[in-house]
Amino acid sequence: NAGVTQTPKFRILKIGQSMTLQCTQDMNHNYMYWYRQDPGMGLKLIYYSVGAGITDKGEVPNGYNVSRSTTEDFPLRLELAAPSQTSVYFCASTHDPGQGGGYTFGSGTRLTVV
Amino acid sequence: KQEVTQIPAALSVPEGENLVLNCSFTDSAIYNLQWFRQDPGKGLTSLLLIQSSQREQTSGRLNASLDKSSGRSTLYIAASQPGDSATYLCAVRPDSNYQLIWGAGTKLIIKP
């Protein structure tokens, strides 16, 4: 099925550990985004990419890194996990952000840092 | 700095009622505004997009309006059904960039 696939769905990390959240889309979308959603809050943009090889910081990039070597993949890396990074992470993609309605979201990764 | 607010945070109504969800934003320099639906454990689904030059958009039982000058949007749901139970989020795209600024959402419960 076409869409945005995120793995894993759930993960528990210990403080200081590292991990990569995977995101893959098969719609040939140029624009991809990583958001985090804390309980009772709106989504906050971590990083985004407007095409392969191009990434930029969003509102809350500290503690995270991204890469975009292909159109399909946009992994999010946590280098030294901290309790403040406990959240639900969503990856999204769109062909044209000006059209908006084309945003497709993954089902999310629920991360707990203990 | 653009801020998006959704009130109420939660709403519970009987099935069949018409209802209105509210979204307000502080900076009228927006490119578009979108309404999304979020179901527990799932991603977000885009419902309606209103460009800054538009006043409203309709899809089935849903109607979204936009008043840029007052910084407000409403999502009207007609003849509500239990399947409409979800969290509804609005997001604003500023004129200046590709980012979306999100409200915290309204959790809607439709009682059978």
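Residues numbered from 1 in each chain as written. Chains lettered and ligands numbered in written order. Predicted model: local features only at pLDDT ≥ 70, side-chain atom pairs only at ≥ 80, totals over all residues. Heavy atoms only, no water.

(A) Up close: the overall build of chain B. In terms of helices and strands, chain B carries zero helices and 11 strands. The linear arrangement of helices and strands in chain B, starting from the amino end, is β-β-β-β-β-β-β-β-β-β-β. Its C-alpha atoms give chain B a radius of gyration of 13 Å, near enough to 13 Å, the size a compact globule of 112 residues would have. Each principal axis of the C-alpha distribution contributes one length, and for chain B these read about 45 × 30 × 20 Å. Buried residues in chain B amount to 46% of all 112 residues. (Helix = DSSP H or I, 4+ residues; strand = E, 2+ residues; numbered from the N terminus. Rg over C-alpha atoms; globule rule 2.2 N^0.38 Å. Buried < 20%, exposed > 50% of the residue type's maximum accessible area, 1.4 Å probe, protein only.)

(B) Molecular detail of the side chain of Gln25(A). All names here are of chain A. Checked against the element boundaries, Gln25 lands in strand 3 (residues 19–25). Among the polar contacts listed, one links the side chain of Gln25 to the backbone nitrogen of Met27, at a separation of 2.9 Å. At 3.1 Å, the side chain of Gln25 and the backbone nitrogen of Asn28 are in polar contact. Each residue touching Gln25, except ones within four places of it in the same chain, is listed here: Gly3, Val4, Met32, Arg68, Thr71, Glu72 and Ser93. (Polar contact = N/O pair within 3.5 Å; in protein donor to acceptor, adjacent residues only side chain to side chain. Contact = heavy atoms within 4.5 Å.)

(C) Highlighting the interface of chain A and chain B. With 24 residues of chain A at the interface, the matching set in chain B holds 21 residues. Surface buried jointly by chain A and chain B totals about 1700 Å² across both partners, of which 56% is contributed by carbon and sulfur atoms. Counting across the chain A and chain B interface gives one salt bridge. With its nearest N and O atoms 3.8 Å apart, the salt bridge here joins Glu59(A) to Lys1(B). Inspection of the chain A/chain B interface yields one residue pair in polar contact (both at pLDDT 80 or more). Elements that contribute at least two residues to the side of chain A that touches chain B include exactly strand 4 (31–37) and strand 5 (43–51) of chain A. (Buried area = accessible area lost by both parts, 1.4 Å probe. Salt bridge = Lys/Arg side-chain N within 4 Å of Asp/Glu carboxyl O.)

(D) Spatial organisation of the sheet that holds strand 8 (residues 72–77) of chain B. Residues and elements named next belong to chain B. Read across the sheet, five strands follow the order 1-3-8-7-6 without closing on themselves; strand pairing throughout is antiparallel. The sheet terminates laterally at strand 1 (4–7) and strand 6 (56–59), the two strands that pair on one side only. Going from strand to strand, the sheet's axes swing by 15 degrees on average, the running direction of each strand aside. Across four bridges, strand 6 lies against strand 7 (residues 62–67) in antiparallel orientation. Note on strand 7: the bridge partner recorded for Thr58 is Asn63. (Pairing = 2+ DSSP bridges. Axes fitted to C-alpha atoms, helices over the stretch in contact; angles between N-to-C directions.)

(E) Representation of unusual backbone geometry in the model. Residue Pro8(A) is reached from Thr7(A) by a cis peptide bond, and omega for that bond is -5 degrees. Checked against the element boundaries, Pro8(A) lands in the loop between strand 1 (4–7) and strand 2 (10–13). In this structure, the amide linkage connecting Ile7(B) to the following residue, Pro8(B), adopts the cis form with an omega of 5 degrees. You can see Pro8(B) is positioned in the loop between strand 1 and strand 2 (10–14). With a phi angle near 60 degrees, Asn28(A) is a residue other than glycine that sits in the positive phi range. With respect to the helices and strands, the residue Asn28(A) is situated in the loop between strand 3 and strand 4. Owing to a relative accessible area of 54%, Asn28(A) belongs among the exposed residues under this scheme.

(F) Focus on the nonpolar core. One finds Leu33(B), Trp35(B), Leu75(B) and Ile77(B) to be the most contacted residues of the largest nonpolar core, which totals 23 residues. Of all the secondary-structure elements, those providing two or more residues to this core are strand 3 (19–25), strand 4 (30–38), strand 5 (44–51), strand 7, strand 8, strand 9 (86–94) and strand 11 (106–111) of chain B. (Core = buried A, V, L, I, M, F, W, Y, C linked by side-chain atoms within 4.5 Å.)

(G) Quick look at the sheet that holds strand 1 of chain A. All names here are of chain A. Strand order in the open sheet formed by four strands is 1-3-8-7, and the pairing between neighbours is antiparallel. At either end of the open sheet lies a strand with only one pairing partner, and these are strand 1 and strand 7 (64–66). For this sheet, the mean inter-axis angle between neighbouring strands, taken without regard to orientation, is 20 degrees. Where strand 7 meets strand 8 (residues 76–78), three bridges bridge the pair, whose relative direction is antiparallel. Across the sheet, residue Tyr64 finds its bridge partner in strand 8, namely Leu78.

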